[in-house]
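# Secondary and tertiary structure notes
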Amino acid sequence: MDIKKNNAGDRFRLKKPSGGMGVDNAPEFSEWVEEIRNQNTAYTLETGKTKKFKIEIFGCQMNERDSETIAGMLTDMGFEEVSKDKPADVIVFVTCCVRENAEERIYGHIGALSGECEENGSFIIACGCMMQQSHVVEKIRKSYHNVKIVFGTHNIHTLPQLLYRYITGKKRVFEVWEKEDKVVEELPIKRTDKHKAWVSIILGCNNFCSYCIVPHVRGRERSRDINDVLAEIKVLAEDGCKEITLLGQNVNSYGNDLGEKDLFARLLYAIEDIEGIERVRFMTSHPKDLSDSLIEAMKTCKKVCNHLHLPFQSGSSRILEKMNRRYTKETYLELVSRIKAAIPEIALTTDIIVGFPGETVEDFEDTLDVVKKVGFDAAYMFIYSPRKGTPAAKLEQDIPSGVISARFKKLVDLQTEIATDLAKKFEGKSVEVLVDGPSKNNPEMLSGRTRSNRLVNFKAENVNKGDTVYVDIIRAGAFWLEGRGGKKLG
Ligand code: SAH
Ligand code: SF4
Ligand code: F3S
């Protein structure tokens, strides 16, 4: 049986290892960690080598954040992380199933590694959203023999135990919990960056947009205790972190499951007092839940960046209803007006789906109309992909694929034109940039983000990753700004 029944219960916490591995009511976790660490130490003493791991991440920020926990656990167990181009003993796939092409890519990548696994005696661990679906687990079991361990989004913390079972039993270990369980606090974490960090505040989703698989694979909403969140941010700040991004499928429902009202706005006010944090971002906000008190908090809190990701999905009220989004074109536009009135310098970004079943020319025109009226700095645009188990997957797709691709192209072209126009206002200006390091495309340049989340590539001397600098913008395009100079702040 692959999908294991489990009962949702209260949260529990793992005490941080302090000298010896101190634990309270979850003794098994640290014991498994220690068992494997001992084995890895013995291996190193015997061979002079360390067991290596690497992680392939697909999907959204939730997976990025989960991967940091997985890396933290593996590091605590004595494995050493290597970059993706290097061979590793353990290859972890953190998967996504939001659209079909994401799944296809993952199957392709796993399949392509079979030679490498055989040659090096390495194996694959598959986890993440895709593994919450039993048909996927079956397919992996049958056709992808290099995958030795499978777990789901609800039992990440069982990795040490699963690994121990696999290593000692030499049999494949597949364990996926059917339901969300407790919020597990204080798992080990190996952060990707020092100067910026993801902080998840709410797990799961209750919205059941009709096209979306996420609530089916990530479970119901569970908010973390505000004190745990604030404690995590304080530690990050003490370690030199400047920017945090608060994560949730819908951060606006933070606290609802705890019977708290407007907890998200309260959290933003509380972060204002944490010394060292310069920038606060969050994603994602569901338009139906964005309250006036949150707008007020965004306006008041100096650390909260002037950027809001506000997916609208479709401009047609008729399609929005079929999508179960619970707002209309008019209420969305009205919300945008209120936000812009309160925070004139706000940069808006969005997600849009093209080709939802039944989308007519008029519906699509409504989508273009919203794009024109709002003026988004950036938009993530997707072609609708039916997901097994969602209500929309039962709807007949009546739009020819050629029509959908033509609509998609028209939308992308319009959005690129708008983003380019909006970018032009930066030319000749000096903007605050938090530096992420060398630019991915041109290592001679540095790269970073403005407070409004625009990507900036620039040349400068004596500037390092994690510095906050002022950059003069000389050229602006839809997707990035080019600048020079980097006057350090403070
Ligand atoms: N919780 C976030 C985002 C979740 S998934 C939110 O509500 O905004 C990210 C984006 O993927 C969604 O906003 C949507 O635009 C897109 N998406 C989700 N399911 C999809 C599907 N079946 N086909 C195409 N795009 C989809
Ligand atoms: Fe999916 Fe809707 Fe939940 Fe976002 S709010 S994760 S689109 S169901
Ligand atoms: Fe994908 Fe799961 Fe995120 S399905 S988009 S990785 S929540």
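Let us look at the structure shown here. The model shown is predicted, which means the values in this text are computed figures rather than measured ones.

Side chains bearing opposite charge may pair, as long as their charged atoms lie close to each other. This model, assessed by the stated rule, comprises 32 salt bridges. Measuring nitrogen to oxygen at the nearest pair gives 3.2 Å for the salt bridge that ties Arg279 to Glu432. With Arg279 in strand β14 (residues 279–283) and Glu432 in strand β18 (residues 430–438), the pair connects residues that are 153 residues apart, well separated along the chain. Here the two residues Arg279 and Glu432 agree in accessibility, since each one is buried. Here the salt bridges do not stand alone but share partners, grouping Glu68, Glu185, Arg191, Arg224 and Glu232 into one network.

Here we take up the packing of helix α13 (residues 361–374) against helix α14 (residues 401–424). Interaxial distance between α13 and α14 falls to 10 Å at its minimum, and their mutual angle equals 15°. Classified by the angle their axes make, α13 and α14 are roughly parallel. Considering how the two elements wind past one another, α13 and α14 form a crossing that is right-handed. Of α14, the residues touching α13 (which contributes Val361, Phe364, Glu365, Thr367, Leu368, Val371 and Lys372) are Arg407, Lys410, Leu411, Leu414, Gln415 and Ile418. Residues belonging to the contact of α13 with α14 are distributed by class as follows: seven nonpolar, two polar and four charged.

Scanning the model with the defined rule gives zero disulfides in all. Cys241 carries a free sulfur, and the closest cysteine sulfur to it, the one in Cys305, is 12 Å from it.

Surveying the vicinity of ligand 1 reveals 15 residues, the closest of which are Arg99, Gln249, Gln313, Asp351 and Ser385. Here an oxygen atom of ligand 1 sits 3.0 Å away from a polar atom, N or O, in the side chain of Arg99. Isolated, ligand 1 exposes 530 Å² of accessible area, and the fraction of that covered by the protein chains is 89%. Listing elements by their share of the shell around ligand 1, those giving two or more residues are β16 (347–354) and β17 (378–383). When its residues are assigned to classes, the shell around ligand 1 shows seven nonpolar, four polar and four charged.

Attention now moves to the site of ligand 3. Close to ligand 3 lie Gly59, Cys60, Asn63, Cys96, Cys97, Val98, Cys129, Arg218 and Gln249, which account for all nearby residues. Across the shell around ligand 3, the residue classes break down as five nonpolar, three polar and one charged.

It is worth spelling out the sheet that holds strand β19 (residues 446–449) at this point. Ordered in space as β18-β19-β20-β22-β21, the five strands form a closed barrel in which the pairing is mixed. Between one strand axis and the next, the sheet turns by 50° as a mean value, whatever way the strands run.

Another aspect to go through is the pairing of β19. In this structure, β18 lies alongside β19, joined through four bridges in antiparallel fashion. Note on β19: the bridge partner recorded for Val435 is Gly448. Here four bridges tie β19 to strand β20 (residues 455–459), and the two strands are oriented antiparallel to one another. When the bridges of β20 are listed, Ser447 appears paired with Asn457.

Turning next to the sheet that holds β14. Pairing is parallel in the open sheet, where three strands are placed in the order β10-β13-β14. Edge strands, defined here as strands with exactly one partner in the open sheet, are β10 (196–200) and β14. Pairs of neighbouring strands in the sheet enclose a mean axial angle of 20°, with direction left out of account. Summarising the sheet, β10 and strand β13 (residues 243–247) pair through five bridges and their orientation is parallel. Along β13, the bridge assignment pairs Ala197 with Ile244.

Reading guide: rules and limits
Residues numbered from 1 in each chain as written. Chains lettered and ligands numbered in written order. Predicted model: local features only at pLDDT ≥ 70, side-chain atom pairs only at ≥ 80, totals over all residues. Heavy atoms only, no water. Salt bridge = Lys/Arg side-chain N within 4 Å of Asp/Glu carboxyl O. Helix = DSSP H or I, 4+ residues; strand = E, 2+ residues; numbered from the N terminus. Buried < 20%, exposed > 50% of the residue type's maximum accessible area, 1.4 Å probe, protein only. Axes fitted to C-alpha atoms, helices over the stretch in contact; angles between N-to-C directions. Parallel < 35°, antiparallel > 145°, perpendicular 65-115°, else oblique. Left-handed = near helix turned anticlockwise from the far one by under 90°. Contact = heavy atoms within 4.5 Å. Nonpolar A, V, L, I, M, F, W, Y, C, P; charged D, E, K, R; others polar. Disulfide = S-S within 2.5 Å. Near = heavy atom within 4 Å. Polar contact = N/O pair within 3.5 Å; in protein donor to acceptor, adjacent residues only side chain to side chain. Areas by Shrake-Rupley, 256 points an atom, 1.4 Å probe, with all protein chains shown as cover. Pairing = 2+ DSSP bridges.

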